[in-house]
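Chain by chain, the residues run as shown.
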Amino acid sequence: MIKRISIILVLSVFVMACNGIEKPKKPDNLISKDQMSDLLYDLYIINSAKGVNRNLLQSNGFNPENYILEKYNIDSTQFADSNTYYTFDTEEYSTIINKVKARLEKEKEIFEELQDKENDSIKKHKDSIRNLNRNRNLKTVKKLDSTFIGKKKIKRPVGIKDSLLQ
């Protein structure tokens, strides 16, 4: 009996503790939703860059957090307070995150299109070089294949050495 009462008492304390979560007060210097989405977009981009080539950023003395704070003219406390405020309301924060996600996907599509165009350009350039080299080789083989004596052209049979040139 005492065991059941203690279990009920502990569960009721947990339930009471969970009800005490209150929405944080709106900060005086709250970052607007649009600015917050721009800020988070930049944070995602910089964190990706940091993951790809951390040594390059460190060697150039680039501090991503300071860059973001200076770019948006905010301090870390203002960002933390605004982020806490927005994250408490999941629908509002979801709207901000979805805006960032849409922007990232749009930028990705643009990048992929540019990359495809660049790859096509490189392929065309390589093909033209390959064709140019092929035409030069054909002209060289034709010269080696024929010997001119006066105005008369004497053809000689293609031997093993000549077949290696093709």
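As a reminder, the structure under discussion sits directly above these lines.
First, a word on what this report is: a plain description of the structure on this page. Computed from a predicted model, the values in this text were never measured in an experiment. (Residues numbered from 1 in each chain as written. Predicted model: local features only at pLDDT ≥ 70, side-chain atom pairs only at ≥ 80, totals over all residues. Heavy atoms only, no water.)

Examining the overall build of the protein chain
Spelled out, the test is: In this description a helix means any DSSP run of H or I spanning at least four residues, a strand means any run of E spanning at least two, and both kinds are numbered starting from the N terminus. The contact rule is simple, with two residues in contact once any of their heavy atoms fall within 4.5 Å. Surface exposure here means Shrake-Rupley accessible area, sampled with a 1.4 Å probe, where a residue is shielded only by the protein chains that are shown.
A count of helices and strands for the protein chain gives seven helices and two strands. Ordered by position in the sequence, the α and β elements of the protein chain form the string α-α-α-α-α-α-β-β-α. When contacts within the protein chain are restricted to residue pairs at least 6 apart in sequence, long-range pairs at least 24 apart make up 68% of them. Just so you have it, the protein chain exposes about 14000 Å², and 56% of that area is on carbon and sulfur atoms.

Side note on the packing of helix H2 (residues 33-52) against helix H5 (residues 76-88)
As a reminder of what qualifies: Lines are fitted to the C-alpha atoms to define the axes, a helix being fitted only along its stretch in contact, and any angle between axes, read from their N-to-C directions, falls within 0 to 180 degrees. Orientation labels follow simple angle bins: below 35 degrees gives roughly parallel, above 145 gives roughly antiparallel, 65 to 115 gives roughly perpendicular, and whatever is left gives oblique. Charged means Asp, Glu, Lys or Arg here, nonpolar means Ala, Val, Leu, Ile, Met, Phe, Trp, Tyr, Cys or Pro, and polar covers whatever is left, Gly included.
For the pair H2 and H5, the least separation of the axes is 12 Å and the interaxial angle reads 110°. In terms of their interaxial angle, H2 and H5 are classed as roughly perpendicular. Here H2 contributes Lys33, Met36, Leu39, Leu40 and Leu43 to the contact with H5, which in turn contributes Phe79, Ser82, Asn83 and Tyr86. Counted by class, the contact of H2 with H5 contains six nonpolar, two polar and one charged residues.

Let's talk about the pattern of salt bridges
Applicable threshold: Here, a salt bridge means any Lys or Arg side-chain nitrogen found within 4 Å of an Asp or Glu carboxyl oxygen. Here's how the labels work: a residue is buried when its accessible area is under 20% of the maximum for its type, exposed when over 50%, partly exposed in between, all with a 1.4 Å probe on protein chains only.
For the coordinates displayed, the defined rule picks out four salt bridges. One salt bridge in this structure joins Glu92 and Lys33, with 3.7 Å as the shortest N-O distance. In this pair, Glu92 sits in helix H6 (residues 90-145) while Lys33 sits in helix H2, placing the two residues 59 residues apart along the sequence. By relative accessible area, Lys33 is classed as partly exposed at 43%. A salt bridge links Asp38 to Arg103, with the shortest nitrogen-to-oxygen separation between them at 3.0 Å. Here the residue Asp38 occupies a position in helix H2, and Arg103 occupies one in helix H6, the gap between them amounting to 65 residues.

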